[in-house]
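Read off the chains here:
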2 protein chains.
Amino acid sequence: MDNLIIEENFNGKDEKSLLKIKNAMPSIDDLYDLSEFFKVFGDSTRINIVSALLNSELCVCDIAQLLEMGQSAISHQLRILKSAGLVKPRRDGKTIYYSLDDEHIKLIFDLGLEHILHRKGAPNE
Amino acid sequence: MDNLIIEENFNGKDEKSLLKIKNAMPSIDDLYDLSEFFKVFGDSTRINIVSALLNSELCVCDIAQLLEMGQSAISHQLRILKSAGLVKPRRDGKTIYYSLDDEHIKLIFDLGLEHILHRKGAPNE
DNA sequence: TGAACATATGAATAACTGTTCATATGTTCA
DNA sequence: TGAACATATGAACAGTTATTCATATGTTCA
């Protein structure tokens, strides 16, 4: 079809085998969304926020005080977490409390933590 | 101790409660490592590579052909994946085959995929 | 040994991202 | 209503990152 950037293979698998693998993969769009989803976890501030919210809802100023960061920075990050579907807000008067939005979140967090702690015990390189 | 950037709380939880929450959280270092770990998943190219390797090992040029990207770009990303402990290389003559390094990886990948597919079915905003 | 191939790597660049600052929005209560 | 508080938001800046290009390293085989 198109041989624009595609580099030819002399060794490695033949084109038919590669096509088979490609067809078994999730769609380009889903993989993109997946990377965007993980990207949200891939920031120190945001993972701290998620960690803080694992056991209790918290308001913005509590999170800011907990992480010793400015209110604005936390608010910006909460917006990203919210639009990614990781947290949801609940208004109570002036205060807005945030909590985790999905039970998947804790599972993924714990699995990742388990991985890095396991790796820390026996580092590879 | 230090009241440099810390913003005072009038509403929200008292300092003792916040300290309790803080003590229940993983260490700063572990959370940083965790965010760095997730950051590796948070790139479209790398998540594509991981996805391609879920069922079979592949050499660099196979991956490049599969993703229709340059060999150099793939190689750079494989280095990141390798030093994060996600993939490991196996040399066979000129060719170097990469495969997933840890059974956690597939679990985390699948859990994330499940999340975004579930979310896609019933989007929140 | 040297040609051909597979992969790795360093430098450069363009695009992206997180924090800060200033300020706006929204709520409560006297 | 207006002061005080809680949160959100836009612009700007600094730091980071992914890709490309050129080239180096390492392997095979004639």
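Quick caveat, the model's predicted, so the values are computed rather than measured.

Colleague: Would you explain the pairing of strand β2 (residues 87-92) of chain B in this entry?
Modeller: Working note: regular strand, side chains alternate between the two faces of the sheet. All names here are of chain B. The sheet contact formed by β2 and strand β3 (residues 95-100) spans six bridges and is antiparallel. The partner of R91 across the bridge, within β3, is I96. Counting the residues between successive antiparallel strands, the hairpin from β2 to β3 contains two residues, one of them, G93, with a positive phi of roughly 65°.

Colleague: Whenever I open this one, the protein's contact with DNA strand D confuses me. Can you help?
Modeller: The environment of DNA strand D is formed by 27 residues, the closest being Q71, S72 and Y98 of chain A together with T45 and S72 of chain B. Among all atoms of DNA strand D positioned within 4 Å of the protein, those belonging to sugar or phosphate total 62%. Here a phosphate oxygen of DNA strand D sits 2.8 Å away from a polar atom, N or O, in the side chain of S75 of chain A. Contact distances for DNA strand D include 3.3 Å between a base oxygen and a side-chain N or O atom of H76 of chain B. Residue assignment for the surface near DNA strand D shows that the elements contributing at least two residues are α4 (60-67), α5 (71-83) and β3 (95-100) of chain A together with α3 (44-53) and α5 (71-83) of chain B. Of the residues belonging to the surface near DNA strand D, the class tally is nine nonpolar, eleven polar and seven charged.

Colleague: What is the right way to read the relation of the copies chain A and chain B from this model?
Modeller: There are two copies of the chain, and a rotation about an axis plus a shift along that axis relates them. For the pair chain A and chain B, the best superposition has an RMSD of 0.0 Å and corresponds to a rotation of 180° with a translation of 0.0 Å parallel to the axis. What we have between these two chains is a two-fold relation. In this assembly, 100% of the residues forming the interface of chain A have copies in chain B that are likewise at the interface, indicating an isologous arrangement.

About the criteria used
Residues numbered from 1 in each chain as written. Chains lettered and ligands numbered in written order. Predicted model: local features only at pLDDT ≥ 70, side-chain atom pairs only at ≥ 80, totals over all residues. Heavy atoms only, no water. Pairing = 2+ DSSP bridges. Helix = DSSP H or I, 4+ residues; strand = E, 2+ residues; numbered from the N terminus. Near = heavy atom within 4 Å. Polar contact = N/O pair within 3.5 Å; in protein donor to acceptor, adjacent residues only side chain to side chain. Nonpolar A, V, L, I, M, F, W, Y, C, P; charged D, E, K, R; others polar. Least-squares fit on C-alpha atoms with pLDDT ≥ 70 in both. Contact = heavy atoms within 4.5 Å.

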